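Okay, here's what each chain looks like letter by letter:
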Amino acid sequence: MDLFRALTRGASLDKSKSGSGSFTKATSAQIRGQQGKQKALKEEVEKEIDFFHDHKIEKHTADELEDETKDKNEGQDDLPPPKIQTEEDASKLRKKYGIKTSGEDLPLPIGSFEDLVTRFKLNRTLLDNLLKEGFTEPTPIQCEAIPAAMYDRDIIGCAPTGSGKTLAFLIPLVQSLLDFISPKNSVKGKSTKGSGIYGLVVSPTKELAYQIFSELSKIVNGVPGIKVAYLNKSLAAKLRNKVIQSSKFNIIITTPLRLISLVEDDAIDLSHIHHIVLDEADKMFESNFVEQTDRILTACTNPHLRRSIFSATITSSVEEIAQSVMTYPERIIVGHKEAANTNIEQKLVFCGDEHGKLIAIRNMIQQGEFKPPVIIFLQSIPRAKALFHELIYDGLNVDVIHAERTQVQREKVLEKFKRGELWCLICTDVLARGIDFKGINMVINYDVPNSAQAYVHRIGRTGRAGRIGRAVTFYTKVDMDLVKTVVNVMKQSGSVEGVPKWLREGMPKLSKKKKHELKRNPVKRGRISTVPNIDSRKRKKRRDMIDGSKRRELLNKPKNRKLQDNDDQAANIN
Ligand SMILES: Nc1ncnc2c1ncn2[C@@H]1O[C@H](COP(=O)(O)OP(=O)(O)OP(=O)(O)O)[C@@H](O)[C@H]1O
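Rules behind the numbers
- Residues numbered from 1 in each chain as written.
- Predicted model: local features only at pLDDT ≥ 70, side-chain atom pairs only at ≥ 80, totals over all residues.
- Helix = DSSP H or I, 4+ residues; strand = E, 2+ residues; numbered from the N terminus.
- Contact = placed C-beta atoms within 7 Å.
- Domains from an automatic or database assignment.
- Nonpolar A, V, L, I, M, F, W, Y, C, P; charged D, E, K, R; others polar.
- Expected span 1.5 Å × (residues − 1).
- Buried ≥ 20, exposed ≤ 12 C-beta atoms within 10 Å, placed from the backbone.
- Pairing = 2+ DSSP bridges.
- Axes fitted to C-alpha atoms, helices over the stretch in contact; angles between N-to-C directions.
- Near = placed C-beta within 6 Å.
- UniProt positions renumbered as here; feature names shortened; annotations may be inferred.
- Parallel < 35°, antiparallel > 145°, perpendicular 65-115°, else oblique.
- Left-handed = near helix turned anticlockwise from the far one by under 90°.
- Core = buried A, V, L, I, M, F, W, Y, C linked by C-beta atoms within 7 Å.

Engineer: Tell me about the overall build of the protein, and please be specific about residues and values.
Structural biologist: Along its length, the protein carries 25 helices and 14 strands. Restricting the contact set of the protein to residue pairs at least 6 apart, pairs at least 24 apart contribute 80%.

Here you go:
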């Protein structure tokens, strides 16, 4: 299917990019940014295009905005002036952090969170919450993306894993919502009563959606008027049965399918959404998600809808699709597009064959190279299960997460891992993206990932928020094609431990077709086991019997009260 057509079919595209709405949007940014030169230019242009002599009305709006800016700055005297005040300051900051920006009328970045108070009257409780969480300085993507979003710009944001993209879209989402619901804005004609959901964040996995919700809940703690919800099963049922109205919330965090099913049942109204954020956007535009993304965008019918996409890896084709549904996007790239975080030391280990991989991991454990907490990625569910049974047999404190485990089991394992009760987590790519475990020391790719993007995201579970991390990738003779994509990423980030000379230098480039094939057809791999077949069959039979009796026991129990409570908590009203 043609991705572009699939995505744009029925979506609310703003084709008239020079339309008056967009023009006003850009000039309000200029006015609020106190860029006198651009303001003068706007007035000149307005005079030119004032065919119907209603310039006064437009002027009145501009004056109002100016008043508002003055008003906003009142009471800010206790703060130092913004760190970034001129284009020269901005270029210095961009050079220092390796930020590339493009687009029209780019606003100045911020140099500190306090700049947000001076320039955008950031809510003080919101600022206090940020500081309380230890976020004293904005990260590079936050420096650029927050002001861009405050000026109502569509954003394409690409920055390394673990570099704070979540707050880069959450902070402006909360502040612009506060601006929207403030009495001053309602006087300006924006009705606040019954205005419905204002912001929507869509992420590809439940774990990630819940994590975003948790981060949001922390920063809006005590900020009045913000009602956020994570669209879990229980909330979806309540919305469907009209026990709760969707207008009760103003920000919703969700995965695509759950949202779509509510839209189709008329149980949720997305027509008032002002700002939609697609997190892990390249995933959201992949063939298995693109139709869902299209349906969500189509349901967001507000003509002033702002769209932002964020990821550590945004390919050119994804960017092309995104650009086609955006209006004057500001493009922000921190570092190299699709590159690994430079805080991660990367190593390649040749293991010969499957048996060699088990030997290699056991050697790492014995020689102290295996430093918990560790995440191990495998290519499929049966392989993740098989390695789990091997390592648990060795007495390692380990558990496994994959799509066949229930949501409750997944949540429990993640909690245990976060609390440090588990040393090692085995998983499939279900946890490759976005999940933020702060202190992961090491990621092991037991199986080579199927693309450069998958590699960047998997190893990005370590080396987060400025910490150092380590990533080890095993490969065997069946991986000769796949490993080339990994080596390319390693070379780009200058971390090439274990890469043989012939792989480093003499590698013919893989064609697009070959890369596509590798993504679609998983490599056929040998069995993970050191146990003879007959014994492993006996072990499996015993395990199946135990699993079966556990399942029966669970079915006979009344619903777990505590988990039900957790589910309700996720629909949190401040
Ligand atoms: N300004 C800041 N100062 C210090 N830590 C921060 C700041 N902003 C975010 N963080 C922390 O950095 C960590 C990584 O942030 P986040 O999960 O948003 O990364 P990300 O860029 O979205 O990564 P990924 O691409 O893997 O999804 C989190 O623990 C977050 O709390």
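Still more ground to cover, so stick around.
Engineer: An account of the domain arrangement of the protein is requested, with residue identities and associated values reported.
Structural biologist: Considered domain by domain, the protein is made up of domain 1 (87–181 + 194–334) and domain 2 (344–520). Contact residues are listed per partner, giving 15 residues for domain 1 and 16 residues for domain 2. For the side of domain 1 that touches domain 2, the elements supplying multiple residues, two or more each, are α11 (206–219) and α14 (281–284). Looking at the side of domain 1 that touches domain 2, its residues break down into 3 nonpolar, 6 polar and 6 charged.

Engineer: So what's going on with helix α18 (residues 381–393)? Residues and values would help.
Structural biologist: Its 13 residues give α18 an end-to-end C-alpha distance of 18 Å, which sits within 8% of 18 Å, the value for a rise of 1.5 Å per residue. For α18, the set of buried residues is R383, A384, K385, L387, F388 and L391. Structurally, α18 contributes buried residues whose contacts are with β10 (374–377), β11 (398–401) and β12 (424–427). Two residues or fewer past α18, G395 is found with a positive phi of approximately 85°.

Engineer: Explain the sheet that holds strand β5 (residues 251–254) to me, and be specific about the residues and the numbers.
Structural biologist: Strand order across the open sheet formed by 8 strands is β1-β8-β2-β7-β6-β3-β5-β4, with mixed pairing between neighbours. Strands at the two margins of the open sheet, each flanked by one partner only, are β1 (99–102) and β4 (228–230). Strand-to-strand twist of the sheet, defined as the mean angle between neighbouring strand axes without regard to direction, takes the value 10°. Where helix α8 (residues 140–150) meets the sheet, it contacts β1, β2 (155–158), β7 (306–311) and β8 (330–334), and its direction lies at approximately 170° from that of β8.

Engineer: Outline the site of the ligand, listing residues and values.
Structural biologist: Neighbouring the ligand are 20 residues, the closest being T161, G164, K165, T166 and A465. Here the element with the most residues in the shell around the ligand is helix α9 (residues 165–181); it accounts for 3 residues. Taken together, the residues of the shell around the ligand sort by class into 6 nonpolar, 9 polar and 5 charged. Formed jointly, the shell around the ligand draws a minimum of three residues from each of two domains, domain 1 (87–181 + 194–334) and domain 2 (344–520).

Engineer: Give a description of α11 that names residues and reports values.
Structural biologist: Helix length check: α11 (14 residues) gives 20 Å between terminal C-alpha atoms against 20 Å at 1.5 Å per residue, within 8%. Among the residues of α11, E207, L208, A209, Y210, Q211, I212, F213, L216 and I219 are the ones counted as buried.

Engineer: So what's going on with the UniProt feature "domain: DEAD-box RNA helicase Q" (unreviewed entry) in the protein? Which residues, and what values?
Structural biologist: In the numbering adopted here, UniProt assigns the feature "domain: DEAD-box RNA helicase Q" (unreviewed entry) to residues 115–143. The distance separating the terminal C-alpha atoms of residues 115–143 is 10 Å; by composition the span is 66% helix and 0% strand.

Engineer: An account of the packing of helix α20 (residues 452–459) against helix α21 (residues 482–492) is requested, with residue identities and associated values reported.
Structural biologist: The N-to-C vectors of α20 and α21 enclose an angle of 60°; their axes lie 9 Å apart at closest approach. On the basis of their axis angle, the class for α20 and α21 is oblique. Of the two elements, α20 crosses α21, and the hand of that crossing is right-handed. Contact residues: A452, Y455 and V456 in α20; T485, V486, N488 and V489 in α21. The residue makeup of the contact of α20 with α21, split by class, is 5 nonpolar, 2 polar and no charged.

Engineer: How would you sum up the nonpolar core? Please name residues and give values.
Structural biologist: The biggest cluster of nonpolar side chains holds 136 residues, and the ones touching the most others in it are V174, I376, I426 and C427. Of all the elements, α9 adds the most residues to this core, at 9 residues. Counting contributing residues per domain, this core is built from domain 1 (87–181 + 194–334) and domain 2 (344–520), each supplying no fewer than three. Once residues within four sequence positions are removed from consideration, V174 is found in contact with L126, I219, V220, V223 and I226.

Engineer: Please provide a residue-by-residue account of the pairing of β2, values included.
Structural biologist: Both faces of β2 are covered, namely the face carrying I155 and G157 and the face carrying I156 and C158. Sheet topology places β2 next to β7; 4 bridges connect them, and they run parallel. Across the sheet, I155 pairs through a bridge with S308, a residue of β7. Pairing of β2 with β8 involves 4 bridges; the strand directions are parallel. Residue pairing across strands places G157 opposite I332, the latter belonging to β8.

Engineer: Describe the packing of α9 against α11, naming the residues involved and giving the relevant values.
Structural biologist: With their axes 11 Å apart at the nearest point, α9 and α11 run at an angle of 50° to one another. Taken together, the axes of α9 and α11 lie oblique to each other. In this structure, the crossing between α9 and α11 has a hand that is right-handed. In contact with T166, L170 and V174 of α9, α11 contributes I212, E215, L216 and I219. When its residues are assigned to classes, the contact of α9 with α11 shows 5 nonpolar, 1 polar and 1 charged.

Engineer: Could you give me a rundown of the environment of R525, with the residues and numbers involved?
Structural biologist: Among the secondary structure elements, R525 is positioned in the loop between α23 (512–520) and α24 (533–556). Spatially, the C-alpha atom of R525 lies 17 Å from that of I444, the residues being 81 residues apart in sequence. Ignoring sequence-local partners within four residues, the contact set of R525 consists of E354, R383, D447 and V478.

Engineer: Outline the environment of S217, supporting the account with residue identities and numerical values.
Structural biologist: Relative to the assigned elements, S217 resides in helix α11. Taking the C-beta count within 10 Å as the criterion, S217 has 18 such neighbours and is therefore assigned partly exposed. In this structure the C-alpha to C-alpha distance between S217 and R537, which are 320 residues apart in sequence, comes to 48 Å.

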